[in-house]
Amino acid sequence: QVLSSQATIGMLNDKIPKVESELKDHRSNCKSEITTLKFQISIVSRDLAIVRKILTLVKCDDKKAAKKAALAQVSDDPDGDDGDAEDDDDENLGMDEHSLVECAQCMDGRGFVMMKNSDVQPLLNSLES
């Protein structure tokens, strides 16, 4: 039994350097992954602050209207003049400044929708995630 135990000890002693090397590699990979995850968390945290700011800019204070709001209307009239005389005062209501603009050719043909708002669009452009 002593000989068997000595053989086992010898075999395990031979494995120790390999296991220690694997442990060192694993710790190095973990350290690298932690650094990457912390960086990603910082990006998401910054984006969260930006989104909160955007929400304060686009917040609807009318609770009844906010509950019913589900869709955003996008005008497909590029110059904003659909020929309807009743809508000629849209600029006075600020609809042009807060409308959505769609570009079907953007993003390799996948399309892209942007807010036409001088306060909100730069914030949207600064999102990183």
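Anything mentioned here points back to the structure above.
This one's a predicted model, so the numbers in the text were calculated from it and none came from an experiment.

Draft legend 1. Spotlight on the overall build of the chain. Of the regular secondary structure elements, the chain holds four helices and two strands. Seen in sequence order, the chain has helices and strands lined up from the N terminus as α-α-α-β-β-α. A total of 129 residues make up the chain; the buried ones form 9% of that total. Here the chain displays about 11,300 Å² of accessible surface, and carbon together with sulfur accounts for 56% of that area.

Draft legend 2. Main features of a nonpolar patch on the surface. A cluster of nonpolar side chains, Val51, Leu55, Leu57 and Val58, forms an exposed patch at the surface whose accessible area comes to about 320 Å². With respect to the helices, strands and loops of the structure, Val58 is situated in helix H1 (residues 2–58).

Draft legend 3. Local environment of H1. The end-to-end C-alpha separation of H1 is 79 Å, in line with the 84 Å expected for 57 residues at 1.5 Å each. Those residues of H1 that fall on the buried side of the exposure criterion are Ile43, Asp47, Ile50 and Ile54. Those residues of H1 that are buried are in contact with helix H4 (120–125).

About the thresholds
Residues numbered from 1 in each chain as written. Predicted model: local features only at pLDDT ≥ 70, side-chain atom pairs only at ≥ 80, totals over all residues. Heavy atoms only, no water. Helix = DSSP H or I, 4+ residues; strand = E, 2+ residues; numbered from the N terminus. Buried < 20%, exposed > 50% of the residue type's maximum accessible area, 1.4 Å probe, protein only. Areas by Shrake-Rupley, 256 points an atom, 1.4 Å probe, with all protein chains shown as cover. Patch = residues over 30% accessible without salt bridge, like charges linked within 9 Å, V, L, I, M, F, W, Y side chains within 5 Å. Salt bridge = Lys/Arg side-chain N within 4 Å of Asp/Glu carboxyl O. Expected span 1.5 Å × (residues − 1). Contact = heavy atoms within 4.5 Å.

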